[in-house]
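Residue strings, one per chain:
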Amino acid sequence: MKKYYITTPIYYVNDTPHIGHAYTTVAADVLSRYHRLRGEDVYFLTGTDEHGSKIEQAAQKAGTSPKEFADHISSEFRKAWEELGISFSGFIRTTDPKHESAVKSFLQKLFDKGLIYKGNYSGLYCVGCEKYLGEADLDEQKCCPDHKTRPEEHSEENYFFKLSAFQDELLARITDESNPGHIAIYPVERRNEIAGKLKANKLEDISMSRSDLKWGIPLPFDEKQTAYVWVDALLNYITAIGFEDNSELFKKLWPADCQLMAKDILWFHSVIWPAMLLGAGLPLPKKVFAHGFFTIDGQKMSKSIGNVIRPQELSAMFGADAARYLVLSLFPFGADGDISWQALKDKYNTDLANNLGNLVNRTLDMLEKFSAKLIPEPAAASTAPACADTILSQMGSSELLLENLEFHRYIAALQMSLNSANQYIQQTAPWKMAKENNPELPAVLFNMAANLKALTVYALPFMPNICKSIWAQLGESEDIESVAREYLSSADRNKSKNILSPRPGTATQKGGILFPRLEKK
Ligand code: ME8
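Calculation notes
- Residues numbered from 1 in each chain as written.
- Predicted model: local features only at pLDDT ≥ 70, side-chain atom pairs only at ≥ 80, totals over all residues.
- Heavy atoms only, no water.
- Axes fitted to C-alpha atoms, helices over the stretch in contact; angles between N-to-C directions.
- Helix = DSSP H or I, 4+ residues; strand = E, 2+ residues; numbered from the N terminus.
- Parallel < 35°, antiparallel > 145°, perpendicular 65-115°, else oblique.
- Left-handed = near helix turned anticlockwise from the far one by under 90°.
- Contact = heavy atoms within 4.5 Å.
- Nonpolar A, V, L, I, M, F, W, Y, C, P; charged D, E, K, R; others polar.
- Salt bridge = Lys/Arg side-chain N within 4 Å of Asp/Glu carboxyl O.
- Buried < 20%, exposed > 50% of the residue type's maximum accessible area, 1.4 Å probe, protein only.
- Core = buried A, V, L, I, M, F, W, Y, C linked by side-chain atoms within 4.5 Å.
- Near = heavy atom within 4 Å.
- Polar contact = N/O pair within 3.5 Å; in protein donor to acceptor, adjacent residues only side chain to side chain.
- Areas by Shrake-Rupley, 256 points an atom, 1.4 Å probe, with all protein chains shown as cover.

Novice: Hey, could you run me through the packing of helix 3 (residues 66-83) against helix 11 (residues 311-318) in this one?
Specialist: A packed helix pair is summarised by two numbers, namely the angle formed by the two axes and the spacing between the axes. Following both chains from N to C, one finds helix 3 and helix 11 inclined at 25°, their axes separated by 10 Å at the closest point. Comparing the axis directions of helix 3 and helix 11 gives the class roughly parallel. For the element pair helix 3 and helix 11, the recorded crossing hand is left-handed. Side by side, helix 3 and helix 11 meet where Ala 80, Trp 81 and Glu 83 of the first sit next to Pro 311, Gln 312 and Ser 315 of the second. Partitioned by chemical class, the residues of the contact of helix 3 with helix 11 number three nonpolar, two polar and one charged.

Novice: Would you mind showing me how to read the pattern of salt bridges here?
Specialist: Side-chain pairs of opposite charge can arise whenever the charged atoms involved come near each other. Evaluated as defined, the whole model comprises 35 salt bridges. With a closest N to O distance of 2.7 Å, Arg 503 and Glu 476 form a salt bridge. Of this pair, Arg 503 sits in the segment after helix 20 (493-496) while Glu 476 is found in the loop between helix 18 (464-473) and helix 19 (480-488), placing the two residues 27 residues apart along the sequence. Look at Arg 503 and you get partly exposed, because its relative accessible area is 37%. Where salt bridges share partners, they join Asp 29, Arg 33, Arg 324, Lys 468 and Glu 481 into one cluster.

Novice: What is the right way to look at the nonpolar core in this model?
Specialist: Membership of the largest hydrophobic core comes to 172 residues, with the highest contact counts inside it found for Phe 106, Leu 107, Phe 161, Trp 254, Leu 260, Leu 328 and Phe 407. The element best represented in this core is helix 17 (residues 441-459), accounting for twelve residues. Within the second largest apolar cluster, six residues are counted, among which are Leu 124, Cys 126, Cys 129 and Leu 138.

Novice: What is the right way to read the site of the ligand from this model?
Specialist: The immediate surroundings of the ligand are formed by 22 residues, with Ile 10, Thr 24, Asp 49, Ala 262 and Asp 264 found nearest. The contact in question runs from an oxygen atom of the ligand to an N or O atom on the backbone of Ala 262, over 3.0 Å. Between the ligand and the protein, one listed contact pairs a nitrogen atom with a backbone N or O atom of Phe 294 at 3.1 Å. Expressed as a share of its isolated accessible area of 670 Å², the protein-covered part of the ligand is 93%.

Purely spatial values, then, with no claim about function.
Dropping the structure here:
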């Protein structure tokens, strides 16, 4: 069985989750669900990043200990992911003793190899970014442009990681696709940016410990210092799956197949992380994908502006499944974009309330009216055109879009197929056929049910609960996931498409409105 190991960043616990975190996590979930349906052995890791100055300061402000603070916010992330139907396999916290111990063994390994050495560092540290900034990174007010705060002067004796030793190897692994240890960075423009930086500038060694910060993992070779929060955090991708014991899970899963994040932290994932792995003699992730950063109503999302959107608010407004679909539908995954409540509502009304909601409604309505709620027998010699086959083949070729993380285009393809299913009803006009006692009516009603079933298979990774409910309305007693997996993982889909065919005689059960229309205001 092919394995698929996918990760999200582990999120800082200085604040509760927002739509940015949900964006990456939902994307990872959709991919996980799709790969599971393809019959792959999927492991999906997410979690929380709990050490460092940022968390220490947030806890202090809240008048509690960093651990208590982290416990609370980490559980908020878990809750938010549960609400959004995130099907993670593992949830790592960097305060897990297993993680702490594995970080120590990894760092000891690098130290023993002479890749970590003691030195003096002085620089400007931005707590918001949890990194040192150079003078050139600051704005005119000498502030961090992202956090609008003045970085703190730090001058201390600490440990350095020999990042500079890996410059050539990194460049080769990033740019040469024929290299067996190639790390594919996507989108390609970002790959070029990273490669350009590696070509143009000499990599400098990085400070990898802090002498004045207690809230971190003590270094195994100098207990007075703690590991730099990014070094600690990046290691989660291997500590969570049993790196320290070289477990069966670790041997099976590593290297990761897909690591997701936004462009803000691509340098850490495409340069520092691979260098750490090279240092330890481990393979590099196969693919690193940095999606864009979005603004809300044209502005950076921030608590002080008051425009932060929380996942719970999205679920309350649209329902969890629709929220999952909507966040991935507005702009291409690799690009920057703008989000607004209005754009989300408009998309909800067009794609879900009008297109999908209507299709479900009309299909179930007509089965009730013209077929006594039963899936009819399609006449053997029917001449009614079948549309489900076209949907299956169109969506089948769109799967590549999903594999390439082009959610936005995949969603557009799904909408096209929904349109054709709605047009099918318009063109065949079952209400007229009923009036005219047209003998093809049962075949048309059967086809309508078949279209809907085909579409749910392809909407399933985005809207698992809605699709389950549509199946229940169609009277399907079999689990949609098992049936969809049987179809999508079969070697010959033409042969296996019968398993998606509605069964005549099944009693349907019209449910309530799936997507109530939202008014403009
Ligand atoms: O950076 N647009 O954690 P973090 C799109 N702990 N995505 C966004 C976003 C936005 N406006 N805001 C946040 C950290 N994200 C580290 C990671 S990993 C070893 C350590 C998403 O809580 C996006 O995935 O600041 C981004 O990379 C991540 O949240 C940053 O989360």
